[in-house]
Amino acid sequence: MNPLLQDFNTPPFSKISNEDYKPAIKKGIEIAKAEIDEIINNPEVPSFENTTVALDFTGEKLNKITSIFFNLNSAETNDEIQKIAQEVSPWLSEFSNDITLNEALFKRVKSVFDSKETLDLTPEQTMLLEKKYKSFARNGANLKEADKIELRKIDAQLSKLSLKFGENVLAETNAFELHLTNEEDLAGLPESVKEAAKEVATSKDKEGYIFTLDYPSYIPFLTYADNRELRKKMAIAAGKKAFQDNEFNNEKIVLEIVNLRHQRANLLGYKTHAHFVLEERMAETPEKVIEFSNNLLEKAKPAALKEFENLENFAKKLDGIDQLQKWDGSYYSEKLKKELFDLDQEALKPYFKLENVIDGVFEIANRLYDLKFEEINNIDKYHEDVKTYNVTDANGNFVSHFYADFHPRKGKRNGAWMTSYKSQQIKNGINERPQVSIVCNFTKPTETKPSLLTFNEVTTLFHEFGHALHGMLANTTYNSLSGTSVSWDFVELPSQVLENWCFEKEALELFAKHYETGEVIPMKYVEKIKESASFHEGMQTLRQLSFGLLDMQWHGSESPQTITSIKEFENNAFANTKLYPDVAENCMSTAFSHIFQGGYSAGYYSYKWAEVLDADAFEYFLEEGIFNKEVATKFKDNVLSKGGTEKPMELYKRFRGKEPKPDALLKRAGLL
């Protein structure tokens, strides 16, 4: 019997084999189709309950199966799973079209939507009604038959292309290794980094040290290795992922994705893909995003140019470097930071043992939101590295299951993300609680040392945990409006706001303790962390804005079919934000997974957008105290628990009492 088709609460990972996925997804689609047919064939007059709500509760079985499958395709994949993903993705995109292009179903949905003035609905119900109607209209329900067929074709192609894009990036990441046997080549590298590289080599039955393009290996190498030629080799390898003359090249795929998205938007009556996407975001239009980005750019660019000039002078003074290159940035920034603030990232790491940081983030969640986390071993995991927890509230009520997966593996994509296996919803009077997961790539423990995090990794953990809280504390009726199901430029607020606690003495004292002596992190370090937080903020802001503007160029172009050279197009997009000389063999777009594989197309700006929100929100905490229960409760009640039940700006204003202003961000970044 197929374990995926049985009734289960938490995913039965250990019982699932790869052969189970395709038949389970097929069957899940069948079940969901039958649920849809039941709504269509209901003889009663279409109503909010029998149509809109009924539709929201369809496809549960299928969602459970696909969330397991696609989460594993990111966190624990292999060739076979990737092959299955290529096969099932078009089925799912076809099924999704079967729903949104189903005329009889749309007729019912539209008839309820058209009578909304006569219905006495709550704000949440109104939002569901609008979202359901728009999910049809924005996916072609009002199109002529021939256009509907064309739309289906585009969607099937897009789902395959974005998967292929991601597989190519992963294959390129895994294909490169820098194998060093000469100790002199390791000069500058911290012991912990060398030890990790030695373990990688040993695991591959090789002598010496192996460095890879996985972040815990790549970033320290570029930050600390004295050998400039080797840094160059690593940086160029990372920068030419999927931009080489081999089977994993993504150039054609990027152009195909961009053109298909544009055609799809035109078909639906939008000028560009960006116009289509932004209609449903806080930002509303591409013009607003560009104006927002250019305003920040105006404030950040003078600072960035000055910072870059200082860095160049520093590198020249130190090592006679005449022209700073991309592979020099992290290296000299780290040295300059150390000189300016006497802050050595390696000296901080002993205070950030992974287990302590986890305890710290749990304690902060407890002080703010009364949550308790208890590690459990009675639910199934997909890998032995995964930790599982029961989350309860102050009264001992069950809040959520929480999965955490912290270390890199061959079958795991780079980066860090939050996801879920089941969303919260209230069904038949029962509040069904969510199953939330975070996945990261932190340095593994070695034989002599536990997993010690860089400060950057600490903020990453807090970031993903902020997303997790958004999922865990969800308390809405409908699952499609629950947790992180909010407009994309609002979704980063809970994650980014939590990062602020990493910089506060009161919070750091809870968990930043030396792993050997138990000594609390010295205050001089805390002050230096705070002081150095805005170090090179001009350059960082410029970098983020450059990615957002590149994304808007790709997706806001009215004639993408005229683009022939990705490299040339990208260089033009970067012209106004460029600091380092261009590297001919490198290209960002061919590995820009956020916009070509993740969900960030025409949405990368939302990181900066959410930073404005998070700085403004955290200022409220600073005014009242970072563990102030009243402010925390307002944030929980108006933001974390509300999901997408109302317009984000309304929720934000209810929490904060006013609209956000960029001043708090500019002040925090030292750009005012």
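Definitions and limits used
- Residues numbered from 1 in each chain as written.
- Predicted model: local features only at pLDDT ≥ 70, side-chain atom pairs only at ≥ 80, totals over all residues.
- Heavy atoms only, no water.
- Helix = DSSP H or I, 4+ residues; strand = E, 2+ residues; numbered from the N terminus.
- Expected span 1.5 Å × (residues − 1).
- Buried < 20%, exposed > 50% of the residue type's maximum accessible area, 1.4 Å probe, protein only.
- Salt bridge = Lys/Arg side-chain N within 4 Å of Asp/Glu carboxyl O.
- Axes fitted to C-alpha atoms, helices over the stretch in contact; angles between N-to-C directions.
- Parallel < 35°, antiparallel > 145°, perpendicular 65-115°, else oblique.
- Left-handed = near helix turned anticlockwise from the far one by under 90°.
- Contact = heavy atoms within 4.5 Å.
- Nonpolar A, V, L, I, M, F, W, Y, C, P; charged D, E, K, R; others polar.
- Polar contact = N/O pair within 3.5 Å; in protein donor to acceptor, adjacent residues only side chain to side chain.
- Phe/Tyr/Trp six-rings, centres within 6.5 Å; stacked < 30°, edge-to-face > 60°.
- Lys NZ or Arg CZ within 6 Å of the ring centre and 35° of its normal.
- Core = buried A, V, L, I, M, F, W, Y, C linked by side-chain atoms within 4.5 Å.
- Pairing = 2+ DSSP bridges.

Along an α-helix, residues three or four apart share an orientation, since each turn contains 3.6 residues. The end-to-end C-alpha separation of helix H24 (residues 606–624) is 27 Å, in line with the 27 Å expected for 19 residues at 1.5 Å each. Among the 19 residues that make up H24, 15 are buried, leaving the element largely enclosed by the rest of the structure. Positive backbone phi, at 115 degrees, marks Gly 625, one or two positions downstream of H24.

The subject of this paragraph is the pattern of salt bridges. One pass over the full model with this rule turns up 42 salt bridges. A salt bridge links Lys 206 to Glu 177; the nearest nitrogen and oxygen atoms lie 2.8 Å apart. Residue Lys 206 is located in the loop between helix H8 (191–203) and strand S2 (209–212), and its partner Glu 177 is located in strand S1 (residues 177–180); the two are separated by 29 residues in the primary sequence. Salt-bridge contacts for Glu 504 lead to Lys 530; the nearest nitrogen and oxygen are separated by 2.9 Å. Of the two residues, Glu 504 sits in the loop between helix H18 (492–499) and helix H19 (505–511) while Lys 530 sits in helix H20 (residues 523–532), which places them 26 residues apart along the sequence. Through salt bridges with shared partners, a single network forms among Glu 76, Asp 385, Asp 405, Arg 409 and Lys 412.

To continue, consider the packing of H24 against helix H26 (residues 648–656). Packing of H24 against H26 leaves a shortest axis separation of 11 Å and a crossing angle of 20 degrees. Between H24 and H26, the interaxial angle falls into the category roughly parallel. Like other packed secondary-structure pairs, H24 and H26 cross with a definite hand, here left-handed. Contacts between H24 and H26 involve Leu 613, Asp 616, Ala 617, Glu 619, Tyr 620, Phe 621 and Glu 623 from the former and Tyr 652, Phe 655 and Arg 656 from the latter. Partitioning the contact of H24 with H26 into residue classes produces six nonpolar, no polar and four charged.

Further remarks concern unusual backbone geometry. For Asp 205, which is not glycine, the phi torsion reads 55 degrees and is therefore positive. Note on placement: Asp 205 falls in the loop between H8 and S2. Phi is positive for Asp 342, which is not a glycine, with a value near 50 degrees. Take Asp 342: it is sitting in the loop between helix H14 (329–341) and helix H15 (345–348). Look at Asp 342 and you get exposed, because its relative accessible area is 52%.

With that settled, consider the environment of Asn 249. Relative to the elements of secondary structure, Asn 249 occurs in the loop between helix H10 (228–239) and helix H11 (251–267). Here the side chain of Asn 249 touches Gln 244 through a polar contact of 2.9 Å, landing on its backbone oxygen. Engagement of the side chain of Asn 249 in a polar contact is seen with the backbone nitrogen of Glu 251, the distance being 2.7 Å.

Counted according to the given criterion, the structure contains 48 aromatic pairs. Pairing Trp 554 with Phe 569 gives two aromatic rings, centres 4.1 Å apart and planes at 35 degrees, and the pair type is tilted. Taken together, the positions of Trp 554 in helix H21 (residues 537–556) and Phe 569 in helix H22 (residues 566–574) put the pair 15 residues apart, joining distant regions of the chain. Per residue, the accessibility class of Trp 554 equals that of Phe 569, and both read buried. Three or more aromatic residues joined by ring pairs form one cluster here, namely Trp 501, Phe 618, Tyr 620, Phe 621, Phe 635, Tyr 652 and Phe 655. Against the face of Phe 8 rests Lys 64, its NZ or CZ located 4.9 Å from the ring centre. The ring of Tyr 209 has Lys 198 lying over it, and the distance from NZ or CZ to the ring centre is 5.1 Å.

One finds Phe 352, Phe 373, Phe 402, Phe 462, Phe 465, Trp 501 and Ile 521 to be the most contacted residues of the largest nonpolar core, which totals 113 residues. Dropping the residues within four chain positions of it, Phe 352 is found in contact with Val 357, Ser 451, Leu 452, Leu 453, Phe 455, Val 458, Leu 508, Phe 511, Ala 512 and Ile 521. By size, the runner-up hydrophobic cluster in this structure holds 50 residues, among which are Ala 32, Leu 55, Phe 113 and Tyr 382.

Time to look at the side chain of Asn 441. Among the secondary structure elements, Asn 441 is positioned in the loop between strand S9 (435–439) and helix H17 (455–472). At 3.1 Å, the side chain of Asn 441 forms a polar contact with the backbone oxygen of Arg 413. Within the structure, the side chain of Asn 441 is placed 2.8 Å from the backbone oxygen of Gly 415, a separation counted as a polar contact. Setting aside residues no more than four positions away along its own chain, Asn 441 makes contact with Pro 216, Phe 406, His 407, Pro 408, Arg 409, Lys 412, Arg 413, Asn 414, Gly 415 and Glu 457.

Spatially, the five strands line up as an open sheet ordered S3-S4-S5-S9-S6, and their pairing is mixed. Taken across any chain shown, the strands that pair with only one partner, and hence form the sheet edges, are strand S3 (372–376) and strand S6 (417–422). The sheet shows a mean angle of 25 degrees between the axes of neighbouring strands, direction not considered. Alignment of S6 against S9, held across five bridges, turns out to be antiparallel. Its bridge partner lying in S9, Thr 419 is registered against Ser 437.

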